[in-house]
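Report on the structure
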Number of protein chains: 2
Amino acid sequence: MDSLHIELSQNLKQKPEPSALGFGQYFSDHMFMMEYSLEKGWHDPKIMPYGPIALDPSAMVFHYGQEVFEGMKAYRTAIGELVLFRPDMNLKRLNESCERLSIPQVEPSTLLQGITELIKIDASWIPSGEENALYIRPFIIATEPCLGVRASHTYKLMVILSPVGSYYPEGIHPVSIYVEQRYVRAFRGGTGAAKTASNYAASIKAQEDAKQSGYSQVLWLDGVESKYVEEVGSMNVFFKVNGEVITPALSGSILAGVTRDSVIALLKSWGIPVSERKVAMEELVEAHKQGLLEEAFGTGTAAVISPIGSMKWGELELSIGGGKTGKLSKKLYDTITGIQRGQLDDSLGWRYRIE
Amino acid sequence: MDSLHIELSQNLKQKPEPSALGFGQYFSDHMFMMEYSLEKGWHDPKIMPYGPIALDPSAMVFHYGQEVFEGMKAYRTAIGELVLFRPDMNLKRLNESCERLSIPQVEPSTLLQGITELIKIDASWIPSGEENALYIRPFIIATEPCLGVRASHTYKLMVILSPVGSYYPEGIHPVSIYVEQRYVRAFRGGTGAAKTASNYAASIKAQEDAKQSGYSQVLWLDGVESKYVEEVGSMNVFFKVNGEVITPALSGSILAGVTRDSVIALLKSWGIPVSERKVAMEELVEAHKQGLLEEAFGTGTAAVISPIGSMKWGELELSIGGGKTGKLSKKLYDTITGIQRGQLDDSLGWRYRIE
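Just so it is clear, the model here is predicted, and its values are computed rather than measured.

This brings us to the overall build of chain A. A count of helical and extended segments in chain A gives 8 helices and 19 strands. In terms of overall dimensions, chain A is globule-like: its C-alpha atoms have a radius of gyration of 21 Å, near the 20 Å expected for 355 residues. For chain A, the spread of C-alpha atoms along the three principal axes comes to 60 × 50 × 35 Å. Taking all 355 residues of chain A together, the buried fraction comes to 63%. By sequence separation, contacts in chain A at least 24 residues apart represent 70% of the contacts at least 6 residues apart. When the accessible surface of chain A is totalled, it reaches about 13,500 Å², and 48% of it is carbon and sulfur. Charge-centre separation for chain A: the mean point of 35 positive side chains lies 3 Å from the mean point of 42 negative side chains.

Here it is, written out as structure tokens:
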């Protein structure tokens, strides 16, 4: 691999107010880029000023969606350290997504070096504020200028950084969920386990319909029987039923979330029973009837923990935990963000210190 | 709508040899472009020299695949007319795809004007040669620089032109097909009926695996039971069984192909029984056993008619029509291309003359 080339920006941007960040609207001064060709493999890694990229209009990504991405966050701890949260998990998953999309895999250490150097250069973009962080978006796109339907012979890998606030404007606050019965996000034999554009493209319409009906997110059911819970919005989903926490098992159509994995590990370490299995909507309705559906929440890098206050399924409207954030949801949120921000002990070795 | 602005190229490219075109590898001298914003709607239609487009690396199309496209062909008839084949069908389908992907619809007459003006300007790019044509690729991409998962507020519509030869290097010639049992292309409640990047992204891996095993294309089965035939490669599929032609009904996960529609109309006009319904693999195997599976072929704009010479399903290998192009397949190919190229009477009104 070539050594990393760095070109610094001569025109630093003005930074947005930490109180008005939103999600993914602002981008830092630099970006990381690397190219792939059949002849050279991944080559020419560089950090350069953030700016537009030029692509041929026939570039395959515009037509056949050969694309994968990741989402991570960088934090500055109270003692001034720059840290990432379990980046090894993201790099591993990126390569798993590549495999599904027929994209050549990336040497994790090369990409991690690119990401850490980029963060060091743009460290001043890590926003202050308790719920703020620097969101890291690595992604790979097929760039070959050709309209044949096949794997591209050239790719571009990029990493861009965005100072973000809470994913939901309301912060950690229970959201109302619409259980989707018409549209399906992913399916056995499809790309649901990969972090790729396709899964999100298919979800936008349902998400819009839900918003228009006053719901924040969609709860996705399985594509075969439309009976079993899969994900919520672009997050994994958990339910606390009669003291036990359950989450859909990784079936091939569900993303293996890093926050999902962290939640399961924490619950186990706390001695709380947790099981990964099929979760039928009917089971949840039954538990709700008996007063045993105690909490529900989504998990993801962007929102960390997103409590679910109510679910609308056909004619049924299930209110959960009186519309308040559950104790366990709050404890998980506080623990994970506490570890991420260096306020809590990192006994599980999840913090990755940059330099 | 603003009037069409035209900027001609000062550097015309050298044209490729008509005998060495391949598919979608060369592009003409100009392209059509139009922008969308919430404030202005679709605006600023223009024809300009073909060349790279610049997009922010956070442009939504790179991350969440909000994209739709179309495929059409322009021909020059023996008497020198420029013609399209049923462009109204493509424009209608483009808007149906837009609806599924939450992309704002386009006024068909505006787009058709853009396409026809572009073709007139680049008419010299229509290649000579019986199986050659000028492929037309309209597409729309989400361009808003933002990482939130939602519909973009800005879009770019483009039309590019590519002189193409036969989609398959072997021309109209029976191909061997691998019946896919592991991967699924599309599914009920997904985007299978839309012409959008997602469906193709999900297909590339299966296609590559099939190629490595010596098969040209994948035959897709339904995502729920893995029993019923859906499409072949990126084409619709037809079977002639005991004198009757059957094709999978449009179920929501199958593309409503323009060639598919044309084939059905021709068969009806010829008095050949044709039915659109579920087609189980087991039914085809049974028909094959009895010697009644007479022909099989794919249909699509790129290949028009692509005969299927054999199908591999698990341990079974079904040879169809002795590996030769069937009579009906050939007649359909000759009729459709004859109409497209002005050699046959256009009693169904499918030719659209430019100017």
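Looking now at the UniProt feature "modified residue: N6-(pyridoxal phosphate)lysine" (unreviewed entry) in chain A. All names here are of chain A. Listed under "modified residue: N6-(pyridoxal phosphate)lysine" (unreviewed entry) in the UniProt record, and renumbered for this structure, are K195. Inspection of the secondary structure assignment puts K195 in the loop between β10 (175-179) and α4 (197-201). Under the relative-accessibility criterion, K195 is labelled buried at 10%. Among residues more than four places away in sequence, those in contact with K195 are V68, F69, E70, G71, R93, S97, Y200 and L255.

Further remarks concern the packing of helix α2 (residues 87-100) of chain B against helix α3 (residues 108-121) of chain B. All names here are of chain B. Relative to each other, α2 and α3 sit at 125°, their axes nearing to 10 Å. Between α2 and α3, the angle is such that the two are oblique. For the crossing formed where α2 meets α3, the hand is right-handed. Within the contact between the two elements, α2 uses P87, L91, L94 and N95 and α3 uses P108, L111, L112 and I115. Partitioned by chemical class, the residues of the contact of α2 with α3 number 7 nonpolar, 1 polar and no charged.

The next point concerns the pairing of strand β2 (residues 30-37) of chain A. Along a regular strand, successive side chains alternate from one face of the sheet to the other. Residues and elements named next belong to chain A. Within β2, 8 of the 8 residues are buried, which leaves the element mostly enclosed by the surrounding structure. Alternating residues of β2 divide into H30, F32, M34 and Y36 and M31, M33, E35 and S37, and every residue in both groups is buried. As paired strands, β2 and strand β3 (residues 41-49) are joined by 7 bridges and run antiparallel to one another. In the strand pairing of β3, F32 is matched with I47. Between the end of β2 and the start of β3, which pair antiparallel, lie 3 residues. As defined by bridge partners, β2 adjoins strand β9 (residues 154-164) across 6 bridges and the pair is classed as antiparallel. The residue of β9 that forms the bridge with M34 is L157.

Nonpolar side chains in soluble globular proteins tend to be buried together. Judged by nonpolar contacts, the single largest core of 46 residues is most densely connected at F62 of chain A together with F62 of chain B. With sequence-adjacent residues up to four places away left out, F62 of chain A is seen in contact with L55, D56 and P57 of chain A together with I53, L55, V61, F62, E67, F139 and I141 of chain B.

Let us now look at the packing of aromatic side chains. Per the counting criterion, the structure on display carries 24 aromatic pairs over all chains. Pairing F62 of chain A with F139 of chain B gives two aromatic rings, centres 6.3 Å apart and planes at 25°, and the pair type is stacked. Of this pair, F62 of chain A sits in helix α1 (residues 61-64) while F139 of chain B sits in strand β8 (residues 133-142), on two different chains. Residue F62 of chain A is classed as buried on the basis of its relative accessible area, which comes to 0%. Taking 5.7 Å as the distance between ring centres and 85° as the angle between the ring planes, the aromatic pair formed by Y64 of chain A and F69 of chain B counts as edge-to-face. One end of the pair, Y64 of chain A, is in helix α1; the other, F69 of chain B, is in strand β5 (residues 67-69), on a second chain. Take Y64 of chain A: its relative accessible area is 2%, and that puts it in the buried class.

We now examine the relation of the copies chain A and chain B. Superposition record for chain A on chain B: RMSD 0.0 Å, screw rotation 180°, translation along axis 0.0 Å. Seen this way, the second copy is the image of the first under a two-fold rotation axis. Most of the interface of chain A is mirrored in chain B, where 100% of its interface residues again form contacts.

Residues and elements named next belong to chain A. Close contact between helix α6 (residues 258-269) and helix α8 (residues 327-340) brings their axes to 11 Å; oriented N to C, the two are set at 110°. Relative to α8, the element α6 lies roughly perpendicular. For the pair formed by α6 and α8, the contact residues are T259, S262, V263, L266 and L267 on the first element and L328, L332, T335 and I336 on the second. Residues of the contact of α6 with α8, tallied by class, amount to 6 nonpolar, 3 polar and no charged.

Residue and element names in this part refer to chain A. The end-to-end C-alpha separation of α8 is 20 Å, in line with the 20 Å expected for 14 residues at 1.5 Å each. The element α8 is largely enclosed, with a buried count of 10 among its 14 residues. The set of residues buried in α8 consists of L328, S329, L332, Y333, T335, I336, T337, G338, I339 and Q340. The first or second residue beyond α8 is G342, which carries a positive phi of 80°.

Rules of the game
Residues numbered from 1 in each chain as written. Chains lettered and ligands numbered in written order. Predicted model: local features only at pLDDT ≥ 70, side-chain atom pairs only at ≥ 80, totals over all residues. Heavy atoms only, no water. Helix = DSSP H or I, 4+ residues; strand = E, 2+ residues; numbered from the N terminus. Rg over C-alpha atoms; globule rule 2.2 N^0.38 Å. Buried < 20%, exposed > 50% of the residue type's maximum accessible area, 1.4 Å probe, protein only. Contact = heavy atoms within 4.5 Å. Areas by Shrake-Rupley, 256 points an atom, 1.4 Å probe, with all protein chains shown as cover. Lys, Arg positive; Asp, Glu negative; His and termini not counted. Charge placed at Lys NZ, Arg CZ, Asp CG, Glu CD. UniProt positions renumbered as here; feature names shortened; annotations may be inferred. Axes fitted to C-alpha atoms, helices over the stretch in contact; angles between N-to-C directions. Parallel < 35°, antiparallel > 145°, perpendicular 65-115°, else oblique. Left-handed = near helix turned anticlockwise from the far one by under 90°. Nonpolar A, V, L, I, M, F, W, Y, C, P; charged D, E, K, R; others polar. Pairing = 2+ DSSP bridges. Core = buried A, V, L, I, M, F, W, Y, C linked by side-chain atoms within 4.5 Å. Phe/Tyr/Trp six-rings, centres within 6.5 Å; stacked < 30°, edge-to-face > 60°. Least-squares fit on C-alpha atoms with pLDDT ≥ 70 in both. Expected span 1.5 Å × (residues − 1).

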